[in-house]
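Inside the fold
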Amino acid sequence: MIQWREDVEVYLHREPVDFRKAINGLSVIVQDDMALSPFSRALFVFCNKKRNQLKVLYWDETGFALWQKRLERDKFKWPRRWPEDLVVLDHEQWQWLLRGFDITQLKPHKALFYRDVC
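Everything in this summary refers to the structure shown in the same document. Everything quoted here is computed from the prediction, not taken from an experiment.

Here's the deal with the sheet that holds strand S1 (residues 9-12)
Strand order in the open sheet made by the 5 strands is S4-S3-S2-S1-S5, with mixed pairing throughout. Strand pairing shows two members of the sheet lacking a second neighbour, strand S4 (64-70) and strand S5 (87-89), which therefore form its edges. Taking each pair of neighbouring strands and ignoring which way they run, the sheet shows an average axis angle of 25 degrees. Across the sheet, helix H1 (residues 23-32) lies against strand S2 (42-47), strand S3 (53-59) and S4, angled at about 80 degrees from S3, the strand it touches most.

Things to note about the packing of aromatic side chains
Note on aromatic pairs: each is described by the distance of the centres and the angle between the planes. In this structure the tally under the stated criterion is 4 aromatic pairs. Aromatic pair Tyr11 and Phe44: ring centres 5.7 Å apart, planes at 15 degrees, arrangement stacked. With a gap of 33 residues between them, Tyr11 in strand S1 and Phe44 in strand S2 connect regions that are remote in the sequence. The burial state of Tyr11 is the same as that of Phe44; both residues are buried. Plain terms: the ring middles of Trp59 and Phe64 are 4.9 Å apart, the flat faces sit at 70 degrees to each other, and that makes the pair edge-to-face. Grouped by ring-pair contacts, the aromatic residues Phe39, Trp59 and Phe64 constitute a single cluster. Positioned above the aromatic ring of Phe19 is the side chain of Lys55, whose terminal nitrogen or guanidinium carbon lies 5.1 Å from the ring centre.

Some thoughts on helix H2 (residues 91-99)
Buried residues dominate H2, accounting for 7 of its 9 residues. Close packing links the buried residues of H2 with S1, S2, S3, S4 and S5. Once H2 finishes, Gly100 follows within two positions and takes phi at roughly 100 degrees, a positive value.

Structural notes on the side chain of Gln53
Within the secondary structure, Gln53 is located in strand S3. For Gln53, the side chain forms a polar contact with the side chain of Gln68, separated by 2.4 Å.

Some remarks on the pairing of S2
Along S2, 6 of the 6 residues are buried, which leaves the element largely enclosed by surrounding structure. On S2, burial covers both faces: Ala42, Phe44 and Phe46 on one face and Leu43, Val45 and Cys47 on the other are all buried. Relative to S3, S2 runs antiparallel, the two being bridged by 5 bridges. Counted as the bridge partner of Val45 is Val56 from S3. In textbook terms, the turn of a hairpin is the stretch between consecutive antiparallel strands, and for S2 and S3 this stretch comprises 5 residues, one of which, Arg51, has a positive phi near 60 degrees.

Here is what the cut-offs are and how they apply
- Residues numbered from 1 in each chain as written.
- Predicted model: local features only at pLDDT ≥ 70, side-chain atom pairs only at ≥ 80, totals over all residues.
- Heavy atoms only, no water.
- Pairing = 2+ DSSP bridges.
- Helix = DSSP H or I, 4+ residues; strand = E, 2+ residues; numbered from the N terminus.
- Axes fitted to C-alpha atoms, helices over the stretch in contact; angles between N-to-C directions.
- Contact = heavy atoms within 4.5 Å.
- Phe/Tyr/Trp six-rings, centres within 6.5 Å; stacked < 30°, edge-to-face > 60°.
- Buried < 20%, exposed > 50% of the residue type's maximum accessible area, 1.4 Å probe, protein only.
- Lys NZ or Arg CZ within 6 Å of the ring centre and 35° of its normal.
- Polar contact = N/O pair within 3.5 Å; in protein donor to acceptor, adjacent residues only side chain to side chain.

Written as structure tokens, this is what we have:
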């Protein structure tokens, strides 16, 4: 499997996409539907209606690349409900999704930030 850098943003397009679309069609969805720049340092992830395939679009500073994964017997646990309009995953959540976990159910402990010990 391709390993992307941990500092790369991961954006999911929640609605299913026609998988006949390739780089140009998916780039338009990123720009028009998601209101993001397809040239940004990010992964844009799309799922088909059956939820057994993913497409990942990204710009690598020399051109667009398109990665696809097809599951043979299972389905991706695609987030239908999300607190924000835009689904942004951290690196760990992205790995969970690829491994078949439901990212809406897995929540790490909340990070705490203090100024003083007492």
